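# Structural overview for review
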Amino acid sequence: MNLKEARRRAGEMLAGVRDGADPLAERQARRDAPTVAEGVERFFKEYAPRRMNDGRLSARTLRDYRQQWGRVVKAAPALGDKKIAAVTRHDIERAVAKRAPVQRNRSLAFLSRLFNLFEAWELRPQHSNPTRHIEKAREEPRDRTLAPSELAALADALAVEAEARPAAVAAIRIAAVTGLRIGEVLRIRWQDVDFEAGRLTMPETKTGRRVHDLPAAALAILADQPHINEWAFTNGRNAPAGYQRTRDAFAQSAKRAGLEDVRLHDLRRTVMTNAAAAGVGTHILRDLLGHKTTAMADRYVRSVGNPVREAREQVGATMAAMMAGKTAEVVPLRGRRNP
């Protein structure tokens, strides 16, 4: 700072003092301003419980928020020590820079909500959210499904794995015949299963409370489970079987079956893809998926759309015939009209 700039700033401070400003108090206020870690602690201790009591925040979402914050702290430990008002876009970018695309986007979503709340608490200037203008990572949609032969091989491998991890394997089988998320399966309690009506009540899902009709195959698997405690799938203690143990059981079974690039969630995708191929409409698929919109259901329908497959087959046959020097008559697709 040169002498001219120093004099200018001193003049501004003197003018502020004459107007009643207290530089020492302002400096102390900056020192006492909360850090990001303190703001997050307030979020989890005050804000989140109130939202849960109002039914506007689920326990599942809260657990996800805690995980996101833990991962951000590991990636950028200095972020928690910074004053909330001092955090910049570059600080946020450093915190999520090395995350995988899906996890990066989830962390950004959590941080965006967090700093919007800090603005509402008047801990930052309005419209100063540092997550703004940070581009989300591109997420490549996964379309892996299991063929009938792969499902048969997996079933044989699961039968072997069931000797060591019966509860985990039974949960995987339920997921395979219902399309439920594995987390939803592991949280099934006996009181939520109506064997007579063939229905499962799920008090807590990603979209709230839901009632799911169970096929006979799922009811048979449930009927074979021992009633040890309130949980349908348990390892003995009064708690559901763990997700990590279940995922390990699936990974071991997939390896034994010789399956490559397959994940536990691919079972859900396989169920829905086969349902779409059987002609199940988007609205019914939406309900099967447990989603609020038909966006994901539309994706499954498009991925197995017969009109596109038939069109490709017809065009390919026509072009091959012409390249072979034969005449090829273009025949309209049966039962299809141009849009």
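Throughout what follows, the structure given in this document is the object of discussion. Computed from a predicted model, the values in this text were never measured in an experiment.

## Focus: the overall build of the protein
The helix and strand tally for the protein stands at 15 helices and 3 strands. Residues classed as buried in the protein amount to 35% of the 339 residues present. Relative to all contacts within the protein whose residues are 6 or more apart in sequence, the contacts with residues 24 or more apart total 59%. Summed over all atoms, the accessible surface of the protein reaches about 21100 Å², with 51% contributed by carbon and sulfur.

## Digging into the environment of Glu-5
Inspection of the secondary structure puts Glu-5 in helix H1 (residues 3-18). Within the structure, the side chain of Glu-5 is placed 3.0 Å from the side chain of Arg-9, a separation counted as a polar contact.

## Some remarks on unusual backbone geometry
Phi at Glu-122 is positive, roughly 65 degrees, even though this residue is not glycine. On the accessibility criterion, Glu-122 (69% relative accessible area) is exposed. In this structure, Asp-261 is a non-glycine residue whose phi angle is positive, near 50 degrees. Structurally, Asp-261 is set in the loop between helix H11 (243-256) and helix H12 (266-277).

## Observations concerning the nonpolar core
In summary, soluble globular proteins display a tendency toward joint burial of nonpolar side chains. Residues Val-185, Phe-233 and Phe-250 are the most contacted members of the largest nonpolar core, which totals 36 residues. In terms of residue count, helix H8 (residues 166-178) provides more of this core than any other element does, 8 residues in total. Sequence-distant contacts of Val-185, defined by excluding residues within four places in its chain, comprise Ala-171, Ile-174, Ala-175, Leu-180 and Phe-233.

## As for the pattern of salt bridges
Two side chains of opposite charge can pair, provided their charged atoms sit close to one another. Applying the stated criterion to the full structure yields 14 salt bridges. When the shortest N-O distance is used, the salt bridge between Arg-8 and Glu-5 registers 2.5 Å. In this pair, Arg-8 and Glu-5 are both assigned in helix H1, 3 residues apart and thus about one turn of the helix distant. Across the pair Arg-42 and Glu-46 runs a salt bridge, and its minimum N-O distance is 3.4 Å. One end of the pair is Arg-42 and the other is Glu-46, both in helix H3 (residues 36-53) and 4 residues apart, which spans about a single turn. According to the relative accessible area criterion, Glu-46 is partly exposed, its value standing at 46%. Among the charged side chains, a salt-bridge network with shared partners connects Glu-5, Arg-8 and Arg-9.

## Side note on a nonpolar patch on the surface
A contiguous nonpolar surface patch, about 280 Å² in accessible area, is contributed by Val-315, Met-319 and Met-322. Position of Met-322 relative to the elements: it lies in helix H15 (residues 306-323). By relative accessible area, which is 45% here, Met-322 ends up partly exposed.

## Here's the deal with the environment of Leu-200
Position of Leu-200 relative to the elements: it lies in strand E2 (residues 199-202). The spatial distance from the C-alpha of Leu-200 to the C-alpha of Trp-190 is 9.4 Å, given a sequence separation of 10 residues.

## Here we look at the sheet that holds strand E1 (residues 193-194)
If you trace the 3 strands from one edge of the open sheet to the other, you get E1-E2-E3, paired in antiparallel fashion. Of all strands in the sheet, those with a lone pairing partner are E1 and strand E3 (210-213), marking the two edges. Relative to E2, E1 is paired through 2 bridges, and the arrangement is antiparallel. Counted as the bridge partner of Asp-194 is Arg-199 from E2.

## Details of helix H10 (residues 216-223)
Every buried residue of H10 is accounted for by Ala-218, Leu-219, Ile-221 and Leu-222. Seen from one end, H10 has its buried residues packed into an arc of 160 degrees, which puts them on one side. Exposed side chains of H10 directed beyond 90 degrees from the buried face belong to Ala-216 and Ala-223. Taken together, the buried residues of H10 touch H8 and E1.

## Section: the side chain of Arg-104
By the element assignment, Arg-104 lies in helix H6 (residues 101-120). For the buried Arg-104, which has no salt bridge, the nearest side chain bearing the opposite charge is Glu-93, at an N-O separation of 6.0 Å. Not counting chain neighbours up to four residues away, the residues in contact with Arg-104 comprise Val-96, Ala-97, Arg-99, Ile-134, Glu-135, Lys-136 and Ala-137.

## Thoughts on empty space enclosed by the protein
In this approach a probe as big as a water molecule rolls over the atoms, and the regions it shows empty are the leftover space. Counted by the stated rule, this structure contains 1 cavity of 30 Å³ or more. If you add up the space inside the largest cavity, you get close to 50 Å³. Split into classes, the residues belonging to the lining of the largest cavity amount to 4 nonpolar, 1 polar and 2 charged.

Thresholds applied
- What you see as residue numbers is a count from 1 along each chain, following the sequence as written.
- Confidence filtering applies because this is a predicted model: local features only for residues at pLDDT of at least 70, side-chain atom pairs given and counted only at 80 or more, and all residues used for totals across whole chains, interfaces and linings.
- The side-chain figures draw on all heavy atoms in the structure; neither hydrogens nor water molecules are used.
- Think of it this way: any DSSP run of H or I at least four residues long counts as a helix, any run of E at least two long counts as a strand, and we number them from the N terminus.
- Relative accessibility decides the category of a residue: with a 1.4 Å probe and only protein chains considered, values under 20% of the type maximum give buried, values over 50% give exposed, and everything between is partly exposed.
- Contact between two residues is taken to exist if any of their heavy atoms lie within 4.5 Å; hydrogens are not considered.
- Under the convention used here, a 1.4 Å probe and the Shrake-Rupley method define accessible areas, while residue burial counts only the protein chains that appear.
- Pairing of N or O atoms within 3.5 Å defines a polar contact, subject to two protein rules: one partner must be a possible hydrogen donor and the other a possible acceptor, and residues neighboring in sequence count only if both atoms are side-chain atoms.
- Residues grouped as a nonpolar core are buried Ala, Val, Leu, Ile, Met, Phe, Trp, Tyr and Cys residues, joined through side-chain atoms within 4.5 Å.
- Salt-bridge detection follows one rule: a side-chain nitrogen of Lys or Arg within 4 Å of a carboxyl oxygen of Asp or Glu.
- Think of a patch as exposed residues, more than 30% relative accessible area, with no salt bridge, where like charges cluster within 9 Å and nonpolar side chains (Val, Leu, Ile, Met, Phe, Trp, Tyr) cluster within 5 Å.
- Pairing between strands requires that DSSP locate at least two bridges from one strand to the other.
- By definition, the arc is the one covered by directions from the helix axis to the C-beta atoms.
- Under the convention used here, Asp and Glu are negative, Lys and Arg are positive, and both His and the chain ends fall outside the count.
- Cavities and pockets are found on a 1 Å grid laid over the protein atoms alone: a cavity is a set of points where a 1.4 Å probe fits but cannot escape, a pocket is an open set with protein on both sides within 12 Å along at least five of seven lines, and a lining residue has an atom within 4 Å of such a point.
- Grid points are joined across faces, edges and corners, and a volume is the space filled by probe spheres set on the points.
- Note on residue classes: Ala, Val, Leu, Ile, Met, Phe, Trp, Tyr, Cys and Pro are nonpolar, Asp, Glu, Lys and Arg are charged, and everything else, Gly too, is polar.

These values are about where atoms sit, not about what they do.
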